[in-house]
Amino acid sequence: MTVPTGRRERKKAATRQKIAETALRLFLERGYDAVGIRDVAAEADVAVTTLFSHFTSKEALVFEQDDNFEQRLTQAVTDRAPHERLIPTLRREIHAMVRHCTADGTAPIYRMIDESRALREYEESMRVRHAESLATALVADPDVSQSATACRTIARFVIDAYSLARDAADPQAAVDEIFRMIEAAWRVT
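Small disclaimer: the values here were computed from a predicted structure and weren't measured. (Residues numbered from 1 in each chain as written. Predicted model: local features only at pLDDT ≥ 70, side-chain atom pairs only at ≥ 80, totals over all residues. Heavy atoms only, no water.)

J.: Provide a residue-level description of the pattern of salt bridges, including the pertinent values.
T.: This model, assessed by the stated rule, comprises 15 salt bridges. Across the pair arginine 129 and aspartate 66 runs a salt bridge whose closest N-O atoms are separated by 2.4 Å. One end of the pair, arginine 129, is in helix α8 (residues 117-140); the other, aspartate 66, is in helix α5 (residues 66-78), with 63 residues separating them in the sequence. When the shortest N-O distance is used, the salt bridge between arginine 127 and glutamate 124 registers 2.4 Å. (Salt bridge = Lys/Arg side-chain N within 4 Å of Asp/Glu carboxyl O. Helix = DSSP H or I, 4+ residues; strand = E, 2+ residues; numbered from the N terminus.)

J.: If you had to explain the environment of arginine 117 to someone new, which residues and values would you point to?
T.: By the element assignment, arginine 117 lies in helix α8. At 2.8 Å, the side chain of arginine 117 forms a polar contact with the side chain of glutamate 121. (Polar contact = N/O pair within 3.5 Å; in protein donor to acceptor, adjacent residues only side chain to side chain.)

J.: Break down the side chain of arginine 166 for me, citing the residues and quoting the values.
T.: Relative to the helices and strands, arginine 166 resides in helix α9 (residues 148-166). Assessed through its relative accessible area of 9%, arginine 166 is described here as buried. A polar atom in the side chain of arginine 166 sits 2.7 Å from the side chain of glutamate 123. Setting aside chain neighbours within four positions, we find arginine 166 in contact with Val98, Cys101, Thr102, Tyr110 and Glu123. (Buried < 20%, exposed > 50% of the residue type's maximum accessible area, 1.4 Å probe, protein only. Contact = heavy atoms within 4.5 Å.)

J.: Explain the packing of helix α6 (residues 86-101) against helix α10 (residues 171-188) to me, using residue names and the numbers behind them.
T.: Contact geometry for α6 and α10: axes closest at 10 Å, N-to-C directions at 155°. Between α6 and α10, the angle falls in the class roughly antiparallel. For the element pair α6 and α10, the recorded crossing hand is right-handed. On α10, the residues touching Leu86, Ile87, Pro88, Leu90, Arg91, Ile94, His95, Val98 and Arg99 of α6 are Pro171, Gln172, Val175, Asp176, Phe179, Ile182, Glu183 and Trp186. Of the residues that constitute the contact of α6 with α10, the class distribution is eleven nonpolar, two polar and four charged. (Axes fitted to C-alpha atoms, helices over the stretch in contact; angles between N-to-C directions. Parallel < 35°, antiparallel > 145°, perpendicular 65-115°, else oblique. Left-handed = near helix turned anticlockwise from the far one by under 90°. Nonpolar A, V, L, I, M, F, W, Y, C, P; charged D, E, K, R; others polar.)

J.: How would you explain the side chain of histidine 54 if you had to name every residue and give the values?
T.: Its location among the elements puts histidine 54 in helix α3 (residues 48-54). With residues up to four places along the chain from it excluded, the contact list for histidine 54 reads Lys12, Thr15, Arg16 and Ile19.

J.: Run through the packing of aromatic side chains, naming residues and quoting values.
T.: Ring pairs (aromatic) are described by centroid distance and by the angle formed between their planes. Under the defined criterion, the tally for this structure stands at three aromatic pairs. Ring geometry for phenylalanine 63 against tyrosine 122: centres 5.4 Å apart, planes inclined by 25°, an arrangement best described as stacked. Residue phenylalanine 63 is found in the loop between α4 (58-62) and α5, and its partner tyrosine 122 is found in helix α8; the two are separated by 59 residues along the sequence. Just as phenylalanine 63 is buried, tyrosine 122 falls in that class too. Both rings, one in phenylalanine 69 and one in tyrosine 162, keep their centres 6.3 Å apart while their planes meet at 65°; by these two values the pair is edge-to-face. Linking phenylalanine 69 in helix α5 with tyrosine 162 in helix α9, this pair joins segments that are 93 residues apart in sequence. Side by side, phenylalanine 69 and tyrosine 162 carry an identical accessibility label, which is buried. The ring of tyrosine 32 carries lysine 58 above its face, with NZ or CZ at 4.2 Å from the centroid. (Phe/Tyr/Trp six-rings, centres within 6.5 Å; stacked < 30°, edge-to-face > 60°. Lys NZ or Arg CZ within 6 Å of the ring centre and 35° of its normal.)

Okay, here's the thing in structure tokens:
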């Protein structure tokens, strides 16, 4: 995520971060279903309208890095150097995302997600959206000669690699194993 440069942008980013941290703390302390939007707004000392100007839903509070992850994936395609191979570039990005999401202290968050139908459904819709954004970037890349169907398929595999690896006993080894399969599939398309 880019660092806000102006005072107003820094203040907005700080407010967003405060809301997200407050929400997560309350959800983990009391349970996701037991905490309402008004509870989060009151605890963060912001108006409900301010909360909604930063987050579109209660579920979005849990996945506050959603936009950043989507942007990082598409930029892995669009910002890579001309000589850089696509699949290794995506593997590096997925490795970084898995490291972030398996860091110390994240287990309770993913347990909360697994226990909430609303959060699981939101996460699934997020994965579909990320895969579509990644596929769009792949299709638009002049160095990619594969069909739109192949690009959409590989994009879904990349997004699924993140989810599967995050839940594996050895997440980093899982990323490598999955990406060996993705690389093989990409070569045969």
